[in-house]
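Chain by chain, the residues:
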Amino acid sequence: MPPRFALAPPGGAAQNPAMADLKDIVAFLDRELNHAGIEDYPGALNGLQLDHEGRVERVIAAVDASLPVIERAAEQGRGSLLLVHHGMFWQGAQTITGPVHRKLKVAMEADMAIYSSHLPLDVHPEWGNNALLAASLGLSDTQAFMDFKGLAVGIQGAWSGSRDELKSALEGILEGPVHLCPGGSAKIGRVGVVTGGAGGEVAQAAAAGVDAFVTGEGPHHSYCLAEELGLNVFYGGHYATETFGVKALAEKVGAKFGRPWSFLDHPTGM
């Protein structure tokens, strides 16, 4: 089935909307997400990736700054601010040809600004993908979980129930199938959460002492290693586990700066 697009209901605009000036929104986001203080992958280029010339008329959240997403966002009119988790420059320096040229052309003709936040959004205590997924699961006694260059990128917490019950809960929250490696105990007492592509870190997850590791995706060998280490791993999909943060961020920006917001859903199935 081809990817589907959908718009969430617009968030409520503030009663006394502030001037939706892009530089003020960017300053707010850079400060609150601590982009200057969090090291990320070189291609992330966190922050404002594409400027524009006018006022921000609406805020659109999406997981990826892909060509189909940008084209669909442009259909909503001029002056959009597109907030994404995965920005436009993961491949590094590229010639401005083909789809790269098309993305920039479509966005600039629509006077669209594009702002991206990767690891800083993953780890944010209020708007982060990990915090929101952990809260949706109802984890208690939460603690930092999993290290990346000195940064705790995930959350672990207490959860009482069976392995099958956890799988069912995740499928309800993520609104889709969850692939399970039943490598550990059928009874779950502690769960570690790192959204996205952290499945390759099963050894670190097992060393932390959790009974279950919830992530988006992982390499083939992660399943085999999880069985050997006695760890349950729940692969919920890279995309599905990372829709939470951009939605929360767009809602916050919309409310603070008096702009309507929406979520543009373009699932990859991965």
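Residues numbered from 1 in each chain as written. Predicted model: local features only at pLDDT ≥ 70, side-chain atom pairs only at ≥ 80, totals over all residues. Heavy atoms only, no water.

Engineer: Just checking my understanding: could you explain unusual backbone geometry for this structure?
Structural biologist: Generally, phi is negative for residues other than glycine and the peptide bonds are trans, each holding for most cases. Even without being a glycine, L45 presents a positive backbone phi close to 45°. Locating L45 in the fold gives a position in the loop between helix 1 (22–33) and strand 1 (47–50). A positive phi is found at K149, a non-glycine position, where the angle reads about 55°. With respect to the element layout, K149 can be found in the loop between strand 5 (140–148) and strand 6 (151–162). (Helix = DSSP H or I, 4+ residues; strand = E, 2+ residues; numbered from the N terminus.)

Engineer: When you look at the pairing of strand 6 in this model, what are you seeing that I'm missing?
Structural biologist: Each regular strand carries side chains that alternate between the two faces of the sheet. With six bridges joining them, strand 5 and strand 6 adopt antiparallel strand pairing. The partner of F145 across the bridge, within strand 6, is G154. Sheet topology places strand 6 next to strand 8 (residues 187–193); six bridges connect them, and they run antiparallel. Bridged to G157 within strand 8 is V191. (Pairing = 2+ DSSP bridges.)

Engineer: So what exactly am I meant to see when it comes to helix 6 (residues 163–174) here?
Structural biologist: Side chains three or four residues apart in an α-helix point the same way, a direct result of the helix having 3.6 residues per turn. For helix 6, spanning twelve residues, the distance from its first C-alpha to its last is 16 Å, which sits close to the expected 16 Å at 1.5 Å a residue. Taken together, the buried positions of helix 6 are occupied by R163, L166, L170 and L174. Projected down its long axis, helix 6 shows its buried positions confined to an angular sector of 60°, all on one face. Turned more than 90 degrees away from the buried face of helix 6, the exposed residues are D164 and G172. One or two positions beyond helix 6, positive phi appears at E175, with a value near 55°. (Expected span 1.5 Å × (residues − 1). Buried < 20%, exposed > 50% of the residue type's maximum accessible area, 1.4 Å probe, protein only. Arc of directions from axis to C-beta.)

Engineer: I tried to follow the layout of surface pockets on my own but got confused; where do I start?
Structural biologist: Over the atoms rolls a probe the size of a water molecule, and in doing so it shows where empty space is left. Taken as a whole, the second largest pocket encloses approximately 420 Å³ of empty space. Y41, H118, L119, G197 and A198 are, among the 22 residues lining the second largest pocket, the residues nearest its centre. At the level of elements, helix 4 (119–123) and strand 5 are the ones that each hand at least two residues to the lining of the second largest pocket. The greatest single-element share of the lining of the second largest pocket, amounting to three residues, is contributed by strand 5. Residue classes in the lining of the second largest pocket are distributed as eight nonpolar, ten polar and four charged. (1 Å grid on protein atoms, 1.4 Å probe; cavity = no way out; pocket = protein on both sides within 12 Å on 5 of 7 lines; lining within 4 Å. Points joined across faces, edges and corners; volume = space filled by probe spheres on them. Nonpolar A, V, L, I, M, F, W, Y, C, P; charged D, E, K, R; others polar.)

Engineer: It is not clear to me how the nonpolar core should be interpreted in this structure. Could you clarify?
Structural biologist: Across soluble globular proteins, you tend to see nonpolar side chains buried next to one another. Counting residues in each nonpolar core, the largest one holds 26 residues, and the members touching the most others are L29, L81, L83 and V253. Those elements that place two or more of their residues in this core are helix 1, strand 2 (58–64), strand 3 (80–86), strand 4 (113–116), helix 9 (244–257) and strand 11 (261–263). Excluding residues within four positions of it along the chain, L29 makes contact with N34, L83, Y115, L249 and V253. One finds A134, L166, L180 and A212 within the second-largest nonpolar core, a separate group that totals 18 residues. (Core = buried A, V, L, I, M, F, W, Y, C linked by side-chain atoms within 4.5 Å. Contact = heavy atoms within 4.5 Å.)

Engineer: Whenever I open this one, the side chain of R190 confuses me. Can you help?
Structural biologist: Relative to the assigned elements, R190 resides in strand 8. Side-chain polar atoms of R190 contact the backbone oxygen of D141, separated by 2.7 Å. A distance of 2.7 Å separates a polar atom in the side chain of R190 from a polar atom in the side chain of Q156. (Polar contact = N/O pair within 3.5 Å; in protein donor to acceptor, adjacent residues only side chain to side chain.)

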